[in-house]
Amino acid sequence: MTSTKERQRAAARARLEREMAQRAEAARRRRRLQLSIAGGVAVLLVAVGTVWLITNALGGDDDTDTAQDTVSPSCTWIDVPADQRTPQTVDVGTPPTNPPGTGTRTMTITTNFGVIEVSMDLSKTPCTAASMAHLASKKFYDGTKCHRMFEGVLQCGDPSAKGEGYRETDGTGGPSYRFGSENLPTDQRPPYPAGVVAMANSGSPDSNGSQFFIVYKDVQLDPSYTVLGRVTKGLDVAEKATAAGHDDAYANSAGGGHPKNDVILESVTVS
């Protein structure tokens, strides 16, 4: 009996040892698996972090406004061919091709009737604002007269409209380059309310130059003119300057005429 009990105890100890060994091995496997998973997660996190850093450093493929705002716009300045230039064409070079595309700039128009300030949103009209800043820096507008008006609109920016001879100008003067339209008010009613400043063009594609018009009363025009900005100060100056009406010089063509008051752009600057 004693021998049998000893054999049973020995067998029980052996089973216990096997079970403990199996449990220890199972525990080791679990630890190895956990370490493997943790290592994989760590590698994944490092990879994701690296991709995030690279994406943000390079600008990424993000279609949010913030991402787009970090990219400078590209402007195309179209040279007027030499055989198409006239005595009214003034060569002052071209603006930068990659101007800022965020923020605002203020155009200050000092006239003999007072000061008009215009705020330009660079996210909407980066190229147009760049052109205005370039022309202003060359004193392109200084001493010119606003050559056309009709009810609600005063048009300026023809470099040939200087001195007494401006009364005979045909309104075709401009710089030696042209550029395309931006910020067309196709979804606005009216498209050109009082306070808007817009670019004049010839009616052809990519025909913006130096001429612009100030809207001092709501007008119904085809929405094909770039909205450059909005008057923040001095809209009453345009109303006062045009109070005497016009001479109907353009009655048979574009409409309106020369302002009866000489409206002189003493200087134009862009902040």
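All of these numbers come straight from a predicted model, not from anything done at the bench. (Residues numbered from 1 in each chain as written. Predicted model: local features only at pLDDT ≥ 70, side-chain atom pairs only at ≥ 80, totals over all residues. Heavy atoms only, no water.)

Caption draft 1: Broad picture of the pattern of salt bridges. Enumeration over the complete set of coordinates arrives at 3 salt bridges. Residues R85 and D91 are paired through a salt bridge, measuring 3.5 Å at the closest nitrogen-oxygen approach. You can call R85 partly exposed: its relative accessible area is 33%. Note that K145 is salt-bridged to D262, the shortest N-O span being 3.4 Å. Pair noted here: K145 is in strand β5 (residues 144-145) and D262 is in the loop between α4 (235-241) and β13 (264-270), with a separation of 117 residues, a long-range link. What makes D262 partly exposed here is its relative accessible area of 27%. (Salt bridge = Lys/Arg side-chain N within 4 Å of Asp/Glu carboxyl O. Buried < 20%, exposed > 50% of the residue type's maximum accessible area, 1.4 Å probe, protein only. Helix = DSSP H or I, 4+ residues; strand = E, 2+ residues; numbered from the N terminus.)

Caption draft 2: Inspection of the pairing of β13 at higher detail. As paired strands, strand β3 (residues 104-111) and β13 are joined by 5 bridges and run antiparallel to one another. Across the sheet, the residue bridging to T111 is L265, located in β13. Across 2 bridges, β5 lies against β13 in antiparallel orientation. Looking at the pairing, K145 lines up with I264 of β13. (Pairing = 2+ DSSP bridges.)

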